[in-house]
Amino acid sequence: MFKGSMPALVTPFKDGAVDFDTLKRLVEWHISEGSHGLVPVGTTGESPTLTHEEHEAVIACVVEAVAGRIPVIAGAGSNNTDEAVRFTQYAAKVGADAALVVTPYYNRPTQAGLYAHFKAVHDCAEIPIVIYNIPGRSAVDMTPATMGELAKLPRIIGVKDATGDLARVCLQRITCGKDFMQVSGEDATAHGFNAQGGVGCISVTANVAPRLCSELQTACLDGDYAKALTIQDRLMPLHRAIFTEPGLNGAKYAMSRLGLCEEDTRLPLMPVTQPTRDLLDAGLRHAGLLN
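Residues numbered from 1 in each chain as written. Predicted model: local features only at pLDDT ≥ 70, side-chain atom pairs only at ≥ 80, totals over all residues. Heavy atoms only, no water.

## Some remarks on the overall build of the protein chain
Alright, step 1. Of regular secondary structure, the protein chain possesses 12 helices and 9 strands.
Alright, step 2. The C-alpha radius of gyration of the protein chain comes to 18 Å, within 12% of the 19 Å expected for a compact globule of 291 residues.
Alright, step 3. Seen through its principal axes, the protein chain has C-alpha atoms that stretch 50 × 45 × 35 Å.
Alright, step 4. Burial statistics for the protein chain: of 291 residues in total, 54% are counted as buried.
Alright, step 5. Within the protein chain, counting contacts between residues at least 6 apart in sequence, those at least 24 apart form 72% of the total.
Alright, step 6. With 25 positive and 32 negative side-chain charges, the protein chain shows a spacing of 2 Å between the two charge centroids. (Helix = DSSP H or I, 4+ residues; strand = E, 2+ residues; numbered from the N terminus. Rg over C-alpha atoms; globule rule 2.2 N^0.38 Å. Buried < 20%, exposed > 50% of the residue type's maximum accessible area, 1.4 Å probe, protein only. Contact = heavy atoms within 4.5 Å. Lys, Arg positive; Asp, Glu negative; His and termini not counted. Charge placed at Lys NZ, Arg CZ, Asp CG, Glu CD.)

Below you can see the structure in the form of structure tokens.
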């Protein structure tokens, strides 16, 4: 089972190209800071603007750099089932521990189409699959009933739930079973998500504050929600600031302030505006990460 704090890893760039040296340094930093796993080339890893070759190279780089020390859940989603199969098979081939597969975006399949998509991905390789349900971006919502049917497949092991609906955790426990792994995909409600039965968070903020996010998730797993709440109070202004504009832009700016990577992203995303920079600086100070 995957659990705890798992950063949705950014993909660093330099002069427009993937900066693999910095990526390797980030892997080492996250491990030293206590992250429980890493999730490369999700949306926060800028998968929409990476070529297929870059996408696969990032997965391979992270798996090699981690060297089995913590789990790697490789982003492998697409709204084209054949592409999702390709990425999932590649993730399995290079030794990723699981694949994160988003609900197909833009083409808005029915629930039957969602089942067929994930069944095809499930059947293509011997690797665990984590569903990524984020209706705010994909424009399609996998119902708890459909998720329950998919949970019957042996390698569909869990969900990254970014619905923001904390009742979903309980509803999915009913349809999928208590052993079905549920992790949050929304930093601001991750503490409450765990109280409902979640076991972790695939986190954007953990790119910036991995130790605090790890400590929060560990406290939740230990049942110490009072301690977790004090950490959440420290992190909340940073959560809000990161998502004032697209989250990966906020995360990269904050990381640049900490000397971790450049803030470069690819179009159509733009660097965050000055008011958001001010909010991010304030959030970093509130969390104790910046003087």
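There's more to say after this.
## Thoughts on the packing of helix α11 (residues 247–257) against helix α12 (residues 274–286)
Alright, step 1. Put simply, α11 and α12 touch, their axes get as near as 10 Å, and they point 60 degrees apart. When the axes of α11 and α12 are compared, the pair comes out oblique. Handedness of the α11/α12 crossing: right-handed. Note on element contacts: α12 touches α11 through Arg277, Leu280, Asp281, Leu284 and Arg285, opposite Gly250, Tyr253, Ala254 and Arg257. (Axes fitted to C-alpha atoms, helices over the stretch in contact; angles between N-to-C directions. Parallel < 35°, antiparallel > 145°, perpendicular 65-115°, else oblique. Left-handed = near helix turned anticlockwise from the far one by under 90°.)

## Examining unusual backbone geometry
Alright, step 1. Of the consecutive residues Leu267 and Pro268, the connecting peptide bond is found in the cis state with omega at 15 degrees.
Alright, step 2. Following the sequence through the fold, Pro268 ends up in the loop between α11 and α12.
Alright, step 3. Despite not being glycine, Glu46 shows a phi value in the positive range, around 60 degrees.
Alright, step 4. Mapped onto the elements of the fold, Glu46 is located in the loop between α1 (20–33) and α2 (52–66).

## Remarks on the packing of α1 against helix α9 (residues 210–221)
Alright, step 1. Between α1 and α9, the least distance of the axes is 8 Å, while the angle of their chain directions is 40 degrees. In terms of orientation, α1 and α9 fall into the oblique class. In the crossing of α1 with α9, the sense of the turn from one axis to the other is right-handed. Residues Trp29, His30, Ser32 and Glu33 of α1 form the contact with α9, whose participating residues are Pro210, Arg211 and Ser214.
Alright, step 2. When its residues are assigned to classes, the contact of α1 with α9 shows 2 nonpolar, 3 polar and 2 charged. (Nonpolar A, V, L, I, M, F, W, Y, C, P; charged D, E, K, R; others polar.)

So, to be careful, I would describe these as geometric facts and stop short of saying anything about function.
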